[in-house]
Amino acid sequence: MVCGLWILPPLPRHEKSATDFLPHLCRKATDCAFNLQVRDLPAKDGAALLTEGLRGVKPYVRIALGIFFGKQDGCHETMANHSALCYSLPAVTGSSRRTIVAWTLYDFANSAFSAIVYATVFPAYYANTVVGNEQGLGDFWWGLAVSVSMGLVALTSPFFGGIADHAGVRKPFLVGFTLVSVAATALLATVRPGMVLWGFALAVVGIVAFEIAFVYYNSYLPRIALTEQLGRVSAAGFAVGYAGSVAAFLAAWPFAAAQAYWGCFLAAALLFGLFSIPAFVILPADSHHPMPLREAVSRGLRQTLATLREIVTRPERTPLRRFLLAYLIYEDGVNTVIAFAAVFAAKTLGFSMTEIILLFMVIQITALAGSAAWAWATDSRGPKFVIAVMLVQWTAVTVLAYFVETKWHFWVIAVLAGTGLGAIQAASRTFMALLIPPGREAEFFGFYALVGKTGAILGPIVFGMVSAMLLGNQRVALVTIGLFFVVGLILLQRVPAGGPTITIPSPHRGGGGG
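So, how was this worked out
- Residues numbered from 1 in each chain as written.
- Predicted model: local features only at pLDDT ≥ 70, side-chain atom pairs only at ≥ 80, totals over all residues.
- Heavy atoms only, no water.
- Helix = DSSP H or I, 4+ residues; strand = E, 2+ residues; numbered from the N terminus.
- Buried < 20%, exposed > 50% of the residue type's maximum accessible area, 1.4 Å probe, protein only.
- Contact = heavy atoms within 4.5 Å.
- Patch = residues over 30% accessible without salt bridge, like charges linked within 9 Å, V, L, I, M, F, W, Y side chains within 5 Å.
- Areas by Shrake-Rupley, 256 points an atom, 1.4 Å probe, with all protein chains shown as cover.
- Salt bridge = Lys/Arg side-chain N within 4 Å of Asp/Glu carboxyl O.
- Phe/Tyr/Trp six-rings, centres within 6.5 Å; stacked < 30°, edge-to-face > 60°.
- Lys NZ or Arg CZ within 6 Å of the ring centre and 35° of its normal.
- Core = buried A, V, L, I, M, F, W, Y, C linked by side-chain atoms within 4.5 Å.
- Expected span 1.5 Å × (residues − 1).
- pLDDT = per-residue confidence, 0-100.
- Axes fitted to C-alpha atoms, helices over the stretch in contact; angles between N-to-C directions.
- Left-handed = near helix turned anticlockwise from the far one by under 90°.
- Nonpolar A, V, L, I, M, F, W, Y, C, P; charged D, E, K, R; others polar.
- Polar contact = N/O pair within 3.5 Å; in protein donor to acceptor, adjacent residues only side chain to side chain.
- Parallel < 35°, antiparallel > 145°, perpendicular 65-115°, else oblique.

**Let's talk about the environment of M353**
Next, step 1: Mapped onto the secondary structure, M353 falls in helix α16 (residues 353-373).
Next, step 2: Residue classification places M353 among the buried positions, given a relative accessible area of 8%.
Next, step 3: When sequence neighbours within four positions are dropped, the list of residues in contact with M353 reads T120, V121, A124, Y125, A256 and Y261.

**What to know about a nonpolar patch on the surface**
Next, step 1: Taken together, the side chains of L270, L274, I277 and V281 define a hydrophobic patch exposed on the protein surface, amounting to about 400 Å² of accessible area.
Next, step 2: Secondary-structure elements contributing two or more residues to the nonpolar patch are α12 (261-274) and α13 (277-282).
Next, step 3: For I277, the position within the fold is in helix α13.
Next, step 4: Accessibility expressed as a relative area gives 42% for I277, which makes it partly exposed.

**Observations regarding unusual backbone geometry**
Next, step 1: The backbone phi angle of Q259 is positive, close to 60°, even though this residue is not glycine.
Next, step 2: By the secondary structure assignment, Q259 is in the loop between α11 (238-257) and α12.
Next, step 3: The residue L471 is not glycine, and still its phi comes out positive at about 60°.
Next, step 4: As for its position among the elements, L471 is in the loop between α21 (458-469) and α22 (474-492).

**Some words on the packing of aromatic side chains**
Next, step 1: Considering all chains together, one arrives at 25 aromatic pairs under this definition.
Next, step 2: Taking the centre distance of 6.4 Å and the plane angle of 70° together, the rings of F210 and F272 count as edge-to-face. In this pair, F210 sits in helix α8 (residues 196-219) while F272 sits in helix α12, placing the two residues 62 residues apart along the sequence.
Next, step 3: Taking the relative accessible area as the measure of exposure, F210 reaches 3% and is therefore buried.
Next, step 4: The buried category is assigned to F272, whose relative accessible area is 1%.
Next, step 5: Taken together, the ring pairs connect F122, Y125, Y126, W142, Y261 and F265 into an aromatic cluster.
Next, step 6: Positioned above the aromatic ring of F385, the side-chain terminus of R381 is 3.9 Å from the ring centre.

**Some details on the nonpolar core**
Next, step 1: I116, W142 and F323 are the most contacted members of the largest nonpolar core, which totals 126 residues.
Next, step 2: Setting aside residues no more than four positions away along its own chain, W142 makes contact with V117, Y118, F122, P123, Y126, A127, A203, A339, F340 and V343.

**Points about the pattern of salt bridges**
Side chains bearing opposite charge may pair, as long as their charged atoms lie close to each other.
Next, step 1: For the structure shown, the criterion picks out 5 salt bridges.
Next, step 2: Measuring nitrogen to oxygen at the nearest pair gives 3.9 Å for the salt bridge that ties R314 to E310.
Next, step 3: The class of R314 is partly exposed, set by a relative accessible area of 41%.
Next, step 4: The salt bridge partner of E310 is R317, with a shortest N-O separation of 2.9 Å.

**Notes on α21**
The α-helix winds at 3.6 residues per turn, so residues separated by three or four positions along the chain end up facing the same way.
Next, step 1: In this model, α21 (12 residues) spans 16 Å end to end at C-alpha, consistent with the 16 Å of a helix rising 1.5 Å per residue.
Next, step 2: For α21, every residue scored as buried is listed here: G459, P460, I461, V462, F463, G464, V466 and S467.
Next, step 3: Of the residues trailing α21, L471 is marked for its positive phi of about 60°.

**Describing the environment of F177**
Next, step 1: As for its position among the elements, F177 is in helix α7 (residues 170-187).
Next, step 2: For F177, the residues in contact, after removing those within four places along its chain, are F160, A209, I212, A213 and Y216.

**Topic: the confidence of the model for the protein**
Next, step 1: Per-residue confidence for the protein gives a mean pLDDT of 75; residues scoring 70 or more make up 70%.
Next, step 2: Low confidence marks residues 228-238, where pLDDT is under 50. Its contacts with residues over four positions away, or in another chain, come to 48 contacts.

**Some remarks on the packing of helix α15 (residues 318-347) against helix α18 (residues 383-403)**
Next, step 1: Contact geometry of α15 with α18 gives a least axis separation of 12 Å together with a crossing angle of 35°. The chirality of how α15 crosses α18 is left-handed. When α15 is examined against α18, the residues F323, Y330, V334, V337 and F344 are found in contact with a partner set consisting of I387, L391, W394 and A401.
Next, step 2: A breakdown of the residues in the contact of α15 with α18 according to their chemical character gives 9 nonpolar, no polar and no charged.

**Some remarks on the side chain of Q474**
Next, step 1: Among the structural elements, Q474 can be located in helix α22.
Next, step 2: Of the residues examined, Q474 reaches a relative accessible area of 1% and is grouped as buried.
Next, step 3: A distance of 2.9 Å separates the side chain of Q474 from the side chain of D139, its partner in a polar contact.
Next, step 4: At a separation of 2.5 Å, a polar atom in the side chain of Q474 contacts the side chain of T348.
Next, step 5: Excluding residues within four positions of it along the chain, Q474 makes contact with N133, D139, V343, F344, K347, T348, F463 and S467.

**Remarks on the packing of helix α5 (residues 121-132) against α15**
Next, step 1: For the pair α5 and α15, the least separation of the axes is 8 Å and the interaxial angle reads 55°. Taken together, the axis directions place α5 and α15 in an arrangement best described as oblique. Between α5 and α15 the crossing geometry is right-handed. Note on element contacts: α15 touches α5 through A339, A342, V343, A346 and K347, opposite P123, A124, A127 and N128.
Next, step 2: Considered class by class, the residues forming the contact of α5 with α15 number 7 nonpolar, 1 polar and 1 charged.

This is the structure we're talking about:
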């Protein structure tokens, strides 16, 4: 068996920081499957890979080919013929190998939730079938569910982050919140037309538990990877979310084709729960409990408030403060378009559920293409320039969606949105990295993630309210969301930073000689 890494972006279910990504997606935990010399791979994090584009992911993609074309026991043969596909790991213990795989499989597992429950099947089913969306009530209720969920996550994440850092309860909380989210996903199969409140409650519980479990999942990273390998672990994790999303789509496909949507939710719950088991069993428990739970929560809150106070009040944090405000607004627009794309496609354009699934798979591929296409410009022109261009593009997406009449028109718009999604996420992370004081990366990227979660509250409820007030006119609601991109663009222009990250030699000066 040949080990491989598949580097493709996950669904935009949540905004990941540069340290949120996992390492090795291998098909089997054998000696050959871990015959990967991580020190030979570029020591870059996920943001760096995105800004480099195809050049950055090339060595990982080359390795990934081995998972498809390698023979069951052909590791040595592959090494002889394709040296890039199979390397030798530095000596590690069996425990560390299994821990890496267990952690990786958890990211694979929870992608089933984001793919089916948050992005595609459930939003369209809940808004259009459970609630009924002729007058826009379905848009209102789904928007309310997303806004309430993200509001709760934003309010509680500092508490749960503090617990993960100080109270020594990360593993039981990871298991507990994961099981709550899995149960909520499975119970979605019981939601029938007219069960508005039941579907709403399950969606909120599922999303909140999913996001909180992710806090504990992220907190394991420094425990299972050496400091000098964090970047490579981060970069390799792109594979896991996408592979899990594809698996979830394939599992849901036959049920969606038969309009047996209950089967989509049971399949997602099964994948989520089954592939979480290795993490439950293998990830290490905290070795000590340094402080009581109440004190851990208090400390986590104090640290978050201290960081917020610094960003808001200190003059040297003015660029960061202005960027985060712009990011809060335009990210809300991005999250809203993602949350309602399936609902809009189903109600306004008559997309079937299988067509929606295909649509989102295309969006993922074009997101990678977009991040690669704008990689050089992010370095040479600066992330501020790229984000500004992308905000113009996203505004155009919402305006074009107003005039769309046929399905193929929407496919074109979806490709445009996908390329903008990958580019704006990559450039935003790069911009943030440029503004963080040295030595405080984890702290400030955590706050960046908190702002990203908050930037999913207002937009969905605005979309739902506009649609409901206009008796189901989703086109106007979508154009309204375009205002988030316009405001974000205006605020971005006030940020005194975000220029080129590299210096391009002047053609008049040549390469450096005189």
